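The primary structure of each chain is shown beneath.
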Amino acid sequence: MPDAARFVAEEAQDYPVLPENWEAVTLFLKCCTQWRHAGMAGIRTGLDYSGVDVVMRRTDIEDPQDAFWRLQQIESEVLAALAEKQDQT
């Protein structure tokens, strides 16, 4: 089991996920190696959507458009949290 999936399995009781978001959350975790990085510091700039597309095509997703939209919402919030963390250091 990948580290991210193991973390979610172990910590699921601490981070409830609405049922309608579960597919997008699992998709996001499956795409954990698809981040683009910039600069010498390797700052994450977003997901590589061509890599995300490969993951989506190899995963049984009920509604790909909805899952991708939700994935983008998660991505946006993760990037905001990372930027906030960076500002604090």
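Residues numbered from 1 in each chain as written. Predicted model: local features only at pLDDT ≥ 70, side-chain atom pairs only at ≥ 80, totals over all residues. Heavy atoms only, no water.

Q: Pulling in residues and values, what's your account of the nonpolar core?
A: Listed in full, the 11 residues of the largest apolar core are L27, F28, C31, W35, L47, V52, V55, M56, I61, A67 and L71. Within the residue set of this core, elements represented by two or more residues are α2 (22-30), α3 (49-57) and α4 (64-88). Look past the residues within four positions of V52 in its chain and what remains in contact with it is C31, Q34, L47, F68 and L71. (Core = buried A, V, L, I, M, F, W, Y, C linked by side-chain atoms within 4.5 Å. Buried < 20%, exposed > 50% of the residue type's maximum accessible area, 1.4 Å probe, protein only. Helix = DSSP H or I, 4+ residues; strand = E, 2+ residues; numbered from the N terminus. Contact = heavy atoms within 4.5 Å.)

Q: Break down the pattern of salt bridges for me, with residues and values.
A: Applying the stated criterion to the full structure yields three salt bridges. A salt bridge links D48 to R36, with the shortest nitrogen-to-oxygen separation between them at 3.2 Å. Of the two residues, D48 is situated in the loop between β2 (43-47) and α3 and R36 in strand β1 (residues 35-38); the sequence distance between them amounts to 12 residues. The exposure class assigned to D48 is buried, which follows from its relative accessible area of 19%. Under the relative-accessibility criterion, R36 is labelled partly exposed at 45%. Across the salt bridge formed by R57 and D53, the nearest N and O atoms sit 2.9 Å from each other. With R57 and D53 both in helix α3, this residue pair falls four residues apart, about one helical turn. (Salt bridge = Lys/Arg side-chain N within 4 Å of Asp/Glu carboxyl O.)

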